[in-house]
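Below, each chain spelled out in residue letters.
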Amino acid sequence: SSLSYNRWYRWSDLDGRTAVTTRAANLAFERGLLIVNSMGNQGQREGSIGAPADAVGAISVGAVNGIGGLAGFSSVGPTYDRRVKPDVVAPGVGIVAAKARTIDRYSRWNGTSFSAPLGAGCLALIMEAHPDWGPEMVREALVMSADRAERPDNRYGWGLVNARDAVLYPLIEGRVSDLHTREPIAGAAV
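What counts as what
- Along each chain, the written sequence defines residue order, and numbers are assigned to residues from 1.
- It should be noted that, the model being predicted, local features are given only for residues of pLDDT at least 70 and side-chain atom pairs only at 80 or more, the latter also being counted only at that level, while totals for whole chains, interfaces and linings use all residues.
- Water and hydrogen atoms play no part in the side-chain values, which are based on all heavy atoms of the structure.
- Burial status follows relative accessibility: with a 1.4 Å probe on protein chains alone, a residue under 20% of its type maximum counts as buried, one over 50% as exposed, and anything between as partly exposed.
- Working definition: helices are DSSP H or I runs of at least four residues, strands are E runs of at least two. Numbering for both runs from the N terminus.
- Between any two strands, pairing holds if DSSP finds at least two bridges.
- For every element, the axis is a line fit to its C-alpha atoms; helices are fit only across the contacting stretch, and the angle between N-to-C directions ranges from 0 to 180 degrees.
- Any Phe, Tyr or Trp ring, taking Trp's six-membered ring, that has another such ring centre within 6.5 Å forms a pair; planes under 30 degrees apart are called stacked, those over 60 apart edge-to-face, and the others tilted.
- Here, a charge over a ring means that NZ of Lys or CZ of Arg falls within 6 Å of the ring centre while also lying within 35 degrees of the ring normal.

S.K.: Can you walk me through the pairing of strand β1 (residues 35-38) in this structure?
M.R.: Across a regular strand the side chains alternate sides, sitting on one face of the sheet and then on the other. Neither face of β1 is exposed, since Ile35 and Asn37 on one face and Val36 and Ser38 on the opposite face are all buried. Here β1 pairs with strand β2 (residues 58-64) via four bridges, running parallel. Paired with isoleucine 35 across the strands is alanine 58, a residue of β2.

S.K.: Please clarify how the sheet that holds β1 should be interpreted in this entry.
M.R.: With respect to topology, three strands assemble into an open sheet ordered β1-β2-β3, the strand pairing being parallel. Each end of this open sheet is capped by a strand with a single partner; those strands are β1 and β3 (88-91). This sheet shows a mean twist of 40 degrees between the axes of neighbouring strands, independent of strand direction. As judged from the four bridges shared by β2 and β3, these two strands associate in the parallel manner. Bridging across to β3, alanine 63 finds its partner in alanine 90.

S.K.: Whenever I open this one, the packing of aromatic side chains confuses me. Can you help?
M.R.: Think of a pair of aromatic rings as described by two things: how far the centres are apart, and how the planes are tilted against each other in angle. Following the criterion strictly, the structure yields four aromatic pairs and no others. With centroids separated by 5.2 Å and ring planes inclined at 35 degrees, the aromatic side chains of tyrosine 5 and tryptophan 8 adopt a geometry described as tilted. Centre to centre, the rings of tryptophan 109 and phenylalanine 114 are 6.3 Å apart; their planes meet at 20 degrees, and the pair counts as stacked. With relative accessibility at 34%, the residue tryptophan 109 sits in the partly exposed group. Among the residues examined, phenylalanine 114 registers a relative accessible area of 24% and is labelled partly exposed. Clustering of aromatic rings is evident, with ring pairs tying together Tyr5, Trp8 and Tyr9. Positioned over the ring face of tryptophan 158 is arginine 139, at 5.5 Å from the centre of the ring. The ring of tyrosine 156 has arginine 148 lying over it, and the distance from NZ or CZ to the ring centre is 3.7 Å.

Structural data, given as C-alpha cells:
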C-alpha cells in the first residue's frame, strides 16, 4: 500500500494501535496477511512517519537513491511508542514506471510508493520459496537479511532489502570438520 495518513493525526496517535488504518493493518496481520506499506514522503524530520506505517503488523518501507543514500523525501521514525521504523528501505528514486494516460511510454518517478512494491516483491519471493512460513518468519527473513540488520535505526530500519539473502535465510555457510582432528572434511560444506 502506498497510503500514508498524517495530516489529521498527532504524532501521539502514531503509536501502532490508534489510527484507523493502523488498526486495520494490525488486524490483517493477526489473521495471517502480510502488510507492506510505504513510510510516507514527509521528509527526514524525526517521527515523520504516517499511518498505517506505524502498525506493528506492517512492514514499512522507506526509499533510497541509486547509491543507497536515504531519499530526502523519505519519512523516518520512530513511532510514538519508540519502535524502529521503517522496517527496511528499497530503491525509490528515479524508478522507471508506466506513464499515465499513454499506451507505451515510461517516466521516472520518486517516492516511497515505489519502494514499497519492491519490498513487497521481495516478500513474495520469500513466500514462494517458503510456503510453510507464517507472516512472522517471512518478516524476519526480510529484515534480518537486509544490510543493516545488526544496527537498525529510524532512518534505514534494518537496511536495504536483499532478495537473494532473504530467500536463502537463514543462510548458514561453512565447512564440516572432523570432530576429533578438527580438520576440514574434503568436499563437505554447509
